[in-house]
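What the coordinates show
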Amino acid sequence: MEVQESTGRTQIWARPSIPCINLEEHSIVFQQFEIDECIDPHSASRSPMIRMFGLTEGFLPYFYIPAPNGFKSGDVAEFKSNLELVLQQEASSGGRELLNRVEVKFKETIQGFHGKQKCPFLKLSFVDTKTLNVARRIIEDGNFTFKGREVGAITFESNIKYVLRFMIDCKVTGANWIELPPKTYRFCAEFEKYSRCQLEIITSHPPEGDWLKIAPLRILSFDIECAGRKGIFPEAAQDPVIQIANMVTIQGEKNPFIKNVFTLNSCSPIVATDVLEYYNEGNMLQAWCDFVVEADPDVIIGYNIANFDLPYLIDRAYHLKVTRFPYFGRIKGDYMVMQRDHKLRSYTLNSVCAHFLGEQKEDVHHSIITDLHNGNPESRRRLAIYCLKDAYLPQRLMDKLMCLINYLEMARVTGVPFSYLLSRGQQIKVISQLYRKAIEQDFVIPARKNVDGTDEPFEGATVIDPEKGFYNVPIATLDFSSLYPSIMMAHNLCYSTIVDQREIDNLGLKNDSDYIVTPYQSARFVKAEVRKGLLPTILEDLLSARKKAKADLKNETDPFKRAVLDGRQLALKMSANSVYGFTGASAGQMPCLEISASVTAYGRQMIEQTKREVESRFTIENGYTHDAQVIYGDTDSVMVKFGVDNLDDTMKLGQEAAEYVTGKFLRPIKLEFEKVYFPYLLINKKRYAGLYWTNPQKWDKLDTKGIETVRRDNCLLVQNVIETCLRKVLIDRDVSGAVAYAKKTISDLLQNKIDMSQLVITKALSKSDYSAKQPHVELAERMRKRDPGSAPTLGDRVAYVIIKGTKGAAAYEKSEDPIYVLENNIPIDTSYYLENQLSKPLLRIFEPILGDKAESLLIVPTCLGCKVPLTKDAGSVVCRHCKPKLGELYQKQLVTVNDFETRFARLWTQCQRCQGSLHQDILCSSRDCPIWYMRKKAQKDVQDASTVLEKFNCAW
DNA sequence: ATCCAAGGAGGACCAAATATTAAGGGATGA
DNA sequence: AATGATCATCCCTTAATGTTTGGTCCTCCT
């Protein structure tokens, strides 16, 4: 759906598939779903166009500059012609007017509090965005003077995208509904499916009430297969596209209503699928393009399509000279492209991710694709089925994670176009909200000139030193809800409330009653009674919306709607938190250390104060049964050991403490009692596990933080062993069972009984230029040499196992591709897995429970004959195979013991000789004497060897 | 040309610096 | 009696090996 304006008429391009379209007699109501800017391809003037509403005269790009000193309204004309002249010189536009308008507006900068004084600003409107940028540069570089004086150097609101500018000014938010009243639009002749409408009579409905609904969006999911040459990544210039599988689904419906596959060459039929055979690649691409136009999807999704499939298709079409294909290029621009990007990956939590990766593994290896294609209709059918599956998976993934709806909610909440959520970062959302609030109060926002690399990081949050250990009493957890947002609200922190000493003196402001001083370098902010900040207002809106979403969630029973509401409240929470991040992003658009560093400074104070308050109030002296102790805390939470041994009382105390501490802070800062851990295993900062209780009857879950079970850079074996051990210890309270399980696993590992899938380690290949050698980096490099087509690329996770190598070889030399290892029967370095993967995590969790005895965990009985680890057969010292040699081994051991004894005796005598008496015990413990060490070692050798010998005696 | 939320923290590895031990070779003296 | 050859021993250097430390990288926590 698009609107375009040229010569005063606004043209709306609406989709015919939208319901309630009934030509000019009726309203058109539609959900605007994509909005961007481009050059109108159909007008000779190359005017800029917004695809949702296009504007040339009705809405022009503009920015503000402070009016020069002594500027009078009569100076406008002169100013305009002067600036126009400079622009003309710069642009050589052939005389076309570039500066459309200059107006005086009374505004106030958002940066700093200056006594609510509105000052004159010049609003400069340009004919296009390119000119705007030229003008911005000239003014910011100080190259424009008016009446002999340099103008500006600083510009306002010049760095916001045209599209967003338009949406903000017209109060259009992302994915809301737009209404065109009857008889205000007409259809465009050359493209019948599009219509025209005057801008002024468009109604934008805020996403409330009825307008919360979601249009029945069409989603096209597709995947292509290319016939690459052996070992070479397919290149569009040479390698043909051989199949394109497509599915079109209506959002919310279970099954696709179109399911087809375009194949090059014949292909056997597939159930419930249209198989469209082509014998010429160009024809196929053309037909596919026509199909996309016909299907007219709102959303196109696929695995990595934005980075591979789409560019490949366009490239390929260009090389095949498919003349009508460029049309697709235009279409493509009209849709948002959802890519399977990292954001989505972070949504896919460990289990979901593993689940889907598991399915993805069935992907045909690229080297086989060409063979299947060159086979017969049957083999091509097999390929088509894989291709269809690849098209289907993203669809299911999206349904499962409900990203579409979550994103929709996010677009509506923050007011940015839908596609920004995929292609842009967090900042744009805050900017959008900031501008929307600013415009209501005649604030203007300064544009940062050039990102000066002042990358000075500021101090972050405090992490209380943990009292490590295993707690067999309930531990209560108290959290500040939305800590950073509530600090900003409580202290009215905003760009518009910062005030410096000069201004304080000027305006006669009084400390504490008019302004406050924060713990960060004495930054000062005026209080809300003087002026309420924009950021606190934005945060209040977000958090009250979240409160509402959470309340609705409580009353909602339908699982689908519940998920939507949950997605919304999460989106709102995320948005609220990113406001703080926005002020702290030193390379961002509006960093403000006074705000961000004050926020963290307050946070640090608060966590310390909370600890003090709790520990000083909940004491025996004050009538409680125990002295409470804060055993850990990170950023916005404290873990309290009240000392009582039952859940009921702990929860009551937790509740009481939360209320008590909340009373010590400004509204809306609130400390909440959230949960109790019992038992609780605190391993280190940011590493703990515990059984999670919210009611005293039944525990909710096993919660683990930062431990190997939740980390993706460990192999599954480690994850599983740790997870199982934790379950046994924390849930079943069966320590010896956990120990036995760990021992059994180690034994299995050393006997090569562990499935290799359990040993695969994955690490992200995050950059191209590593200084330190690492297993996954080196392997990726080796794989690239072996087969560039399948080697991991930047951003991929590299999977590897550690194989046996020469003694002392570094881990990065022993990493290998798991598939390669399987195919070539390469032995795994099991001792690496024991020593480098399993041992440390195991020791970490058992150490607080078993103390020094934890060490023994890793010692596994081995056969005295062949060193094979023994299973739990109690008492035995040799494996089955060595049983016949038992006597021989015993003899050998006996000799060993004797040798050691002789050696020890010799050293012993030597020491006796040294002290001059052969009849007395040796007292000497001289650390300078080499004999002493040797004697000690010999003594230990004798003991060890004797112990082994003992075992034989037992086994007999 | 366009874009970018933060810091704190643990832990695995690698690599360099250092410390220790073992081995080798030359000087010395018997 | 003086010289030379041989050998054990010492000391030093070198190589190998073990340990600490600093930095990079990944991932997770809030």
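Chain A appears in an unreviewed UniProt entry as 9538_t:CDS:1 from Cetraspora pellucida.

Some thoughts on the sheet that holds strand S7 (residues 99-109)
Taken together, the 4 strands give an open sheet; going across it, the order is S6-S8-S7-S21, and neighbouring strands pair in mixed fashion. Here the strands that pair on one side only, and so sit at the sheet edges, are strand S6 (62-66) and strand S21 (443-444). Along the sheet, helix H1 (residues 76-91) contacts S6, S7 and strand S8 (119-126); its crossing angle with S7, the most-contacted strand, is approximately 120 degrees.

Focus: the packing of helix H3 (residues 162-169) against helix H13 (residues 427-440)
Put simply, H3 and H13 touch, their axes get as near as 10 Å, and they point 40 degrees apart. By the angle between their axes, H3 is oblique relative to H13. Crossing of H3 against H13: the hand is right-handed. Where H3 approaches H13, its residues Leu164, Arg165, Met167, Ile168 and Asp169 are matched on the opposing element by Ile428, Ser432, Tyr435, Arg436 and Ile439. Taken together, the residues of the contact of H3 with H13 sort by class into 6 nonpolar, 1 polar and 3 charged.

With respect to the confidence of the model for chain A
For chain A, the mean per-residue pLDDT works out to 78, and 75% of the residues sit at or above 70. Note that pLDDT drops below 50 for residues 188-195; the model gives that stretch 27 contacts with residues more than four away or on any other chain. Below pLDDT 50 for its whole length, residues 336-362 participates in 59 contacts with residues either more than four positions away or in separate chains.

Considering the pattern of salt bridges
Applying the stated rule across the entire model yields 31 salt bridges. One salt bridge in this structure joins Glu674 and Lys675, with 3.0 Å as the shortest N-O distance. With a relative accessible area of 35%, Glu674 lands in the partly exposed category. On the basis of relative accessible area, Lys675 is assigned to the buried category, the value being 8%. Among the ionic pairs, Asp703 bridges to Lys705, the shortest N-O distance being 3.6 Å. One network of salt bridges, with partners in common, ties together Arg101, Glu103 and Lys105.

Description of the packing of aromatic side chains
Taken as a whole and assessed by the stated rule, the structure comprises 21 aromatic pairs. Aromatic pair Tyr832 and Tyr833: ring centres 5.7 Å apart, planes at 85 degrees, arrangement edge-to-face. By relative accessible area, which is 13% here, Tyr832 ends up buried. Residue classification places Tyr833 among the buried residues on the basis of a relative accessible area of 0%. Aromatic ring contacts, followed pair by pair, group Tyr471, Tyr632, Tyr677, Tyr680, Tyr688 and Tyr692 into a single cluster. Just above the ring of Tyr692 sits the side chain of Lys701; from NZ or CZ to the centre is 4.5 Å.

As for the protein's contact with DNA strand B
Around DNA strand B sit 30 residues in total, of which Arg424, Gly425, Gly460, Ala587 and Tyr832 are the nearest. In the environment of DNA strand B, a phosphate oxygen lies 3.2 Å from a nitrogen or oxygen atom belonging to the side chain of Arg844. Of all the secondary structure elements, the ones that give two or more residues to the surface near DNA strand B are helix H17 (559-584), helix H23 (811-814) and helix H25 (830-850). With 5 residues, H25 is the single largest residue contributor to the surface near DNA strand B. Across the surface near DNA strand B, the residue classes break down as 11 nonpolar, 9 polar and 10 charged.

Describing the pairing of strand S16 (residues 241-250)
Most of S16 is tucked away, with 10 of its 10 residues classed as buried. By the bridge criterion, 9 bridges tie strand S15 (residues 218-226) to S16 in an arrangement that is antiparallel. Residue pairing across strands places Leu220 opposite Val248, the latter belonging to S16. Both S16 and strand S17 (residues 258-264) contribute to a ladder of 6 bridges, which runs antiparallel. Bridge pairing in S17 places Gln243 opposite Thr263.

Concerning the protein's contact with DNA strand C
The local shell around DNA strand C holds 20 residues, among which Asp636, Gly706, Ser766, Lys767 and Tyr770 are the closest. Within 4 Å of the protein, the contacting atoms of DNA strand C are drawn from sugar and phosphate to the extent of 92%. A distance of 3.0 Å is found between a sugar or linking oxygen of DNA strand C and a side-chain nitrogen or oxygen belonging to Arg711. Between a phosphate oxygen of DNA strand C and a main-chain N or O atom of Ala764, the distance comes to 3.1 Å. Its residues placed into classes, the surface near DNA strand C shows 4 nonpolar, 6 polar and 10 charged.

Here's the deal with the sheet that holds strand S33 (residues 797-802)
Strand order in the open sheet formed by 3 strands is S32-S33-S34, and the pairing between neighbours is antiparallel. Each of the sheet's edge strands pairs with one partner strand only, and the pair in question is strand S32 (761-764) and strand S34 (815-816). Across 4 bridges, the pairing between S32 and S33 is antiparallel. When the bridges of S33 are listed, Thr762 appears paired with Ala799. Along the sheet, helix H22 (residues 775-786) makes contact with S32, S33 and S34, crossing S33 at roughly 100 degrees. Across the sheet, H25 touches S32 and S33, and the angle it forms with S33 is around 125 degrees.

Some points on the environment of Thr583
Summarising the element assignment, Thr583 is placed in helix H17. For the pair Thr583 and Ala597, spaced 14 residues apart in sequence, the C-alpha separation works out to 9.1 Å. When residues no more than four places from it in sequence are discounted, the contact partners of Thr583 are Met488, Tyr495, Leu535, Met590, Pro591, Cys592, Leu593, Ile595 and Ser596.

Quick look at the state of the cysteines
Per the stated rule, a full pass over the model turns up 0 disulfides. As a non-bridged cysteine, Cys226 has Cys387 as the owner of its nearest cysteine sulfur, 9.4 Å distant. Of all cysteine sulfurs, the one in Cys387 lies closest to Cys267, which takes part in no disulfide; the gap is 10 Å.

Details of the nonpolar core
With 143 residues, the main nonpolar core has Leu434, Tyr495, Ile595, Tyr833 and Phe846 as its most contacted residues. Counting residues in each nonpolar core, the second largest holds 29 residues, with Val241, Met284, Ala295 and Leu372 among its members.

Observations regarding unusual backbone geometry
A cis amide bond, omega -5 degrees, links Arg667 with the succeeding residue Pro668. Residue Pro679 is reached from Phe678 by a cis peptide bond, and omega for that bond is -5 degrees. Note on placement: Pro679 falls in strand S29 (residues 671-684). The backbone phi angle of Lys686 is positive, close to 60 degrees, even though this residue is not glycine. Inspection of the secondary structure puts Lys686 in the loop between S29 and strand S30 (687-693). Within the chain, Asn752 stands out as a residue other than glycine whose phi angle is a positive 60 degrees. Along the chain, Asn752 turns up in the loop between helix H21 (735-750) and S32.

Some words on the packing of H13 against helix H16 (residues 534-555)
Two elements in contact, H13 and H16, have axes separated by 10 Å at closest approach and are oriented at 115 degrees. If you check the angle between H13 and H16, you find them roughly perpendicular. Note that H13 runs across H16; the crossing there is right-handed. Residues Gln433, Leu434, Lys437 and Ala438 of H13 lie in contact with H16, whose contacting residues are Leu534, Leu535, Thr537, Ile538, Asp541 and Leu542.

Conventions adopted
Residues numbered from 1 in each chain as written. Chains lettered and ligands numbered in written order. Predicted model: local features only at pLDDT ≥ 70, side-chain atom pairs only at ≥ 80, totals over all residues. Heavy atoms only, no water. Pairing = 2+ DSSP bridges. Helix = DSSP H or I, 4+ residues; strand = E, 2+ residues; numbered from the N terminus. Contact = heavy atoms within 4.5 Å. Axes fitted to C-alpha atoms, helices over the stretch in contact; angles between N-to-C directions. Parallel < 35°, antiparallel > 145°, perpendicular 65-115°, else oblique. Left-handed = near helix turned anticlockwise from the far one by under 90°. Nonpolar A, V, L, I, M, F, W, Y, C, P; charged D, E, K, R; others polar. pLDDT = per-residue confidence, 0-100. Salt bridge = Lys/Arg side-chain N within 4 Å of Asp/Glu carboxyl O. Buried < 20%, exposed > 50% of the residue type's maximum accessible area, 1.4 Å probe, protein only. Phe/Tyr/Trp six-rings, centres within 6.5 Å; stacked < 30°, edge-to-face > 60°. Lys NZ or Arg CZ within 6 Å of the ring centre and 35° of its normal. Near = heavy atom within 4 Å. Polar contact = N/O pair within 3.5 Å; in protein donor to acceptor, adjacent residues only side chain to side chain. Disulfide = S-S within 2.5 Å. Core = buried A, V, L, I, M, F, W, Y, C linked by side-chain atoms within 4.5 Å.

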